[in-house]
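The chain contents come next:
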Amino acid sequence: MKRWPLAWAALLAVVVFAYRWQLDLGFTDTDAWADVVAANQPFSYQLTMPLTDGVGGRNANFFRPVVNLHFWGMRAVLGTSAALWQAWDLSLHLVCVLGLGAVVRAAGGRQSVALAAGALFGLHPIAVEVVPAVARSIDVLMAVFVLLGTWALLTRRLAVAVVAALLAMGTKESALAVIPALPIGAAFLYGRRAAFRTGAPLVVGLLVFLVMRGWVLDGAGGYSDSVLNLYGLEWVLRTTALELLAPGFGHHFVDWSWGPQLALGILATTGVAAAAYSVRDQRGALVGLVWLVLPLLLFGVLGVYGRRHLYLPLLGWCTVFAFVLHHRYARWAALCAVGFIVPHTPLVHPDEDWGLNDDVTGSVLAIEDDIRALPEGANVWVVDRCIRLNNDPARVVWFQEGESQNNCIASYSLQAWVDEVHGGVNLSRLSATYPDGPLEQADVSVEDDVLVVRRGENRRFFYKAAREAGWEFSGEGDTFRLHMLEPDNDWILVLGGAEASLVAVP
C-alpha cells in the first residue's frame, strides 16, 4: 500500500521542518571545533588517535576510532562548512527514525506501531540535546549502528549484526551495554550455533578494542580514575522516567527536598514499568526495553549519567511507548502522557539556546582577521568564556535550578581553531561565565593602564591561574576592571556580542 511510504515521507518532512533552525548553527558545542581540527589529521593517524587528538584532556579521554574516521570523512568531503556538518547530523537523526521503524517491523510490529515509534523519537524534546550539537553526533552515529545491528539480528543477517556491533563499540562505549544482547538474542531466536557465530567475534573484537584503548589512552581513560560511581543509579532512578515522560517541566520542582523528588521519580518509573509489562508479549517492546534499561544501568554504575546521554535509551522508550499506544486499555494513559511531551517538542517549541551558544563562538570567528594579525608569541587572555548557557527552562535538567547541559565551546576547542588560524598565538583563561540569556556585546575601554569591561551582570568567576600570572580584578555591578602587573605581548579577548573584543593589555 502506498499510504505507508507517504506517511513516512511526511514524517521525515515534519522532522526536518521541526529542526530547520539547526541548519543555521555553527560548531556550537564544547568539543566541536576540536573535533573539526583533529579531523584534519592524516587518515592513518585517526585509527590510533584519542578523541579530539588529545587536546580535550580528561574531558575527551576516550578512544573512538570510528568517530575519528567519521569526522575525518566529513572534513574531507564537507570541509569546515558548519551548515553541511549540521545537515549531516540531522540526516543521521532521520536515518535513526527510519531505522527504528525498520526494527519495529522486523520484530513483528505493525506499520502503525513503527510509525508511532518513529514520530515519538524524531520529535521528542530530549533529542534536541544531541542532534544540533556536532560533538554529540557521536550518540546519533552509535544509535545508527545499534539499530542496524538489531535489525540484522532480527532478520538473521548475523554477519551484518556483528559488524554493526563492532562499529557501535568503536563509536562510543555506551554501546557495550547493549552488545551482549546480540548473542543472547541469537540464542533465543536461532539456537546455540547462531549465538556462537555472533558472540565469538564480538569477544575477540572487544579484547582487541580494550588493548588498543589502553595503549592509546595509556590507562583506563574516561572522565576520572575511578571506574564505579554508584551514586549515578540514584540519579537515574530519580530523574530518567521524568525526563522522558515530561521533558521541560523539571524546573517547577526545584524546591522539593530529596525525599519527595525520589518518590516522584520512583512513581514515574513504576508507571513506565507497568506500561512495559502490559506489552510484554510483543517482541518489539522487549527490544525497546533492552535499549532503555541496559544503557541506563551502565550510566548509573559508572556515574556518567546526564540528559545528553539519553539518546540511545530514548530509542527504547519510544519503542515501548508506541506499543503501549496500541494496547487496548493502556493506550488511554499513554495518550494522556503525550500531552506532557507535545509542549516542548521542537515542532512547536523551536530551540533557541544552541543559537545563543553559536553567537558566543561566532563572536570569535568574526574577528579572524584580527587574530591573524596578532604578533608571533602573543598570549591572549580569554574573558567571559561561556561555560554553560541557561536560557530556556525547557532545557533545564529535572530538579535543577537553571542548570541545563547546553555547554558552550571549550577553551581547548578555541585554541584548536586559533592554531589553524595563527599557530603562534596562545590562549589563556582569565574569566568564565554562566549567562542566563544572550551574552551581550561588551564595552571595553582603557583608563590609564586598567582595562574596563562593561556588560550586563552574569554569574562570573576569575581563574586562580590568571591571578598567579599577575592579573588584578575589581568591580561591581555591570562593570569590572582588569590590571596586569607586567604585561608582555599580552592581549584580552572578550567573548560575546556580534564580535568579540580583542584589546592589547596596556
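Refer to the structure printed above.
Residues numbered from 1 in each chain as written. Predicted model: local features only at pLDDT ≥ 70, side-chain atom pairs only at ≥ 80, totals over all residues. Heavy atoms only, no water.

Chemist: Please clarify how the overall build of the chain should be interpreted in this entry.
Modeler: Tallying secondary structure elements over the chain gives 19 helices and 11 strands in all. Relative to the compact-globule value of 23 Å for 506 residues, the chain shows a C-alpha radius of gyration of 24 Å, a close match. For the chain, the C-alpha atoms occupy an extent of roughly 80 × 50 × 45 Å along the three principal directions. The proportion of buried residues among the 506 residues of the chain is 56%. Look at the contacts in the chain between residues 6 or more apart in sequence, and 75% of them connect residues 24 or more apart. Accessible surface for the chain amounts to roughly 21200 Å². Of this, 61% is attributable to carbon and sulfur atoms. Where the 35 positive side-chain charges of the chain centre and where its 45 negative ones centre are 20 Å apart. (Helix = DSSP H or I, 4+ residues; strand = E, 2+ residues; numbered from the N terminus. Rg over C-alpha atoms; globule rule 2.2 N^0.38 Å. Buried < 20%, exposed > 50% of the residue type's maximum accessible area, 1.4 Å probe, protein only. Contact = heavy atoms within 4.5 Å. Areas by Shrake-Rupley, 256 points an atom, 1.4 Å probe, with all protein chains shown as cover. Lys, Arg positive; Asp, Glu negative; His and termini not counted. Charge placed at Lys NZ, Arg CZ, Asp CG, Glu CD.)

Chemist: Explain the nonpolar core to me, please; I cannot follow it from the model alone.
Modeler: Side chains of a nonpolar character, in soluble globular proteins, are inclined to be buried together. Within the largest apolar cluster, 99 residues are counted, with the highest numbers of intra-cluster contacts made by Tyr 19, Leu 100, Phe 121, Trp 291, Tyr 311 and Trp 317. Element by element, the count of residues in this core is highest for helix H14 (residues 311–325), at 12 residues. Counting residues in each nonpolar core, the second largest holds 41 residues, with Ala 32, Phe 71, Val 134 and Leu 389 among its members. (Core = buried A, V, L, I, M, F, W, Y, C linked by side-chain atoms within 4.5 Å.)

Chemist: Sorry if this is basic, but what is going on with the environment of Arg 429 here?
Modeler: Along the chain, Arg 429 falls in strand S3 (residues 426–429). With a relative accessible area of 45%, Arg 429 lands in the partly exposed category. Placed 36 residues apart in sequence, Arg 429 and Ala 465 show a C-alpha to C-alpha distance of 7.9 Å. Discounting residues that sit within four places of it in the chain, Arg 429 has contacts with Trp 381, Val 382, Ser 411, Tyr 463 and Ala 466.

Chemist: Quick question: what am I supposed to make of the pairing of strand S5 (residues 443–447) here?
Modeler: Residues in a regular strand project their side chains so that they alternate between the two faces of the sheet. Where S5 meets strand S6 (residues 450–454), five bridges bridge the pair, whose relative direction is antiparallel. If you follow Val 444 over to S6, its bridge partner there is Val 453. (Pairing = 2+ DSSP bridges.)

Chemist: Help me understand the packing of aromatic side chains in this model?
Modeler: Under the counting rule described, the total for this entry stands at 17 aromatic pairs. Ring centres of Phe 461 and Tyr 463 lie 5.1 Å apart, and the angle between their planes is 70 degrees; this geometry places the pair in the edge-to-face category. Judged by its relative accessible area of 31%, Phe 461 is partly exposed. Exposure remark for Tyr 463: the relative accessible area of 13% places this residue in the buried category. (Phe/Tyr/Trp six-rings, centres within 6.5 Å; stacked < 30°, edge-to-face > 60°.)

Chemist: In this structure, what is going on with the sheet that holds strand S7 (residues 459–462)? I would like to understand it.
Modeler: What links the strands of a sheet is backbone hydrogen bonding, and the strands pair in either a parallel or an antiparallel sense. Strands sit in the order S2-S4-S7 across an open sheet of three strands; the sheet is mixed. Bordering the open sheet on either side are strand S2 (385–386) and S7, each of which pairs with just one other strand. Pairing of strand S4 (residues 431–434) with S7 involves four bridges; the strand directions are antiparallel. Note on S7: the bridge partner recorded for Ala 432 is Phe 461.

Chemist: Help me out: how do you make sense of the state of the cysteines in this one?
Modeler: What makes a disulfide is a covalent bond joining the sulfur atoms belonging to two cysteines. Following the criterion strictly, the structure yields one disulfide and no others. A sulfur-sulfur separation of 2.1 Å characterises the disulfide bridge that pairs Cys 386 with Cys 408. Highlighted residues: Cys 386 in strand S2 and Cys 408 in the loop between S2 and helix H18 (411–421), separated in sequence by 22 residues. Each of the two residues, Cys 386 as well as Cys 408, counts as buried. (Disulfide = S-S within 2.5 Å.)

Chemist: What am I meant to see in the pattern of salt bridges here?
Modeler: Where charged atoms from two side chains of opposite charge approach closely, those side chains can pair. Considering all chains together, one arrives at 18 salt bridges under this definition. Of the charged contacts in the structure, one is a salt bridge between Glu 129 and Arg 395, with a shortest N-O distance of 3.0 Å. Of the two residues, Glu 129 sits in the loop between helix H6 (111–123) and helix H7 (137–154) while Arg 395 sits in the loop between S2 and H18, which places them 266 residues apart along the sequence. Neither Glu 129 nor Arg 395 differs from the other in exposure class; each is buried. Across the pair Asp 139 and Lys 172 runs a salt bridge whose closest N-O atoms are separated by 2.8 Å. Of this pair, Asp 139 sits in helix H7 while Lys 172 is found in the loop between helix H8 (158–169) and helix H9 (181–190), placing the two residues 33 residues apart along the sequence. (Salt bridge = Lys/Arg side-chain N within 4 Å of Asp/Glu carboxyl O.)

Chemist: What's the story with H7 in this structure? I'm lost.
Modeler: Helical geometry: 3.6 residues make up each α-helical turn, so side chains three or four residues apart lie on a common side. The first and last C-alpha atoms of H7 sit 26 Å apart over 18 residues, in line with the 26 Å expected at 1.5 Å per residue. The buried fraction of H7 is high, at 16 of 18 residues. (Expected span 1.5 Å × (residues − 1).)

Chemist: Sorry if this is basic, but what is going on with the packing of H7 against H9 here?
Modeler: Between two packed helices, what matters for the description is the angle formed by their axes and the separation of those axes. Running from amino to carboxyl end, H7 crosses H9 at an angle of 15 degrees, the nearest separation of the two axes being 10 Å. Classified by the angle their axes make, H7 and H9 are roughly parallel. Seen along the crossing, H7 lies across H9 with a hand that is right-handed. For the pair formed by H7 and H9, the contact residues are Gly 149, Leu 153 and Leu 154 on the first element and Leu 182, Gly 185, Ala 186, Leu 189 and Tyr 190 on the second. (Axes fitted to C-alpha atoms, helices over the stretch in contact; angles between N-to-C directions. Parallel < 35°, antiparallel > 145°, perpendicular 65-115°, else oblique. Left-handed = near helix turned anticlockwise from the far one by under 90°.)

Chemist: Please clarify how the side chain of Asp 353 should be interpreted in this entry.
Modeler: When you line up the elements, Asp 353 lands in helix H16 (residues 353–365). There is no salt bridge for the buried Asp 353, and the closest opposite charge comes from Arg 395, which lies 4.7 Å off by N-O distance.

Chemist: Just checking my understanding: could you explain the pairing of strand S11 (residues 501–504) for this structure?
Modeler: As judged from the four bridges shared by strand S10 (residues 490–494) and S11, these two strands associate in the antiparallel manner. Pairing of Leu 493 across the sheet is with Leu 502, part of S11. Between S10 and S11, which pair antiparallel one after the other, the connecting turn spans six residues, and Gly 496 there sits at a positive phi close to 110 degrees.

Chemist: I'm lost on the sheet that holds strand S9 (residues 479–484) in this one. Help?
Modeler: Spatially, S5-S6-S9-S8 is the arrangement adopted by the four strands of the open sheet, whose pairing is antiparallel. Unpaired on one side and paired on the other, S5 and strand S8 (471–476) mark the two borders of the sheet. Averaged over all pairs of adjacent strands, the angle between strand axes in this sheet comes to 20 degrees, irrespective of strand direction. The pairing of S6 with S9 spans four bridges and is classified as antiparallel. Counterpart to Val 453 in the pairing with S9 is Phe 480.

Chemist: Would you mind going over a nonpolar patch on the surface with me for this structure?
Modeler: A cluster of nonpolar residues, Leu 228, Leu 230, Leu 233, Val 293, Leu 294 and Leu 297, forms a patch on the protein surface that exposes about 500 Å² of accessible area. In terms of residue count, helix H13 (residues 283–302) provides more of the nonpolar patch than any other element does, three residues in total. Val 293 gets classed as partly exposed once you look at its relative accessible area, which sits at 36%. (Patch = residues over 30% accessible without salt bridge, like charges linked within 9 Å, V, L, I, M, F, W, Y side chains within 5 Å.)

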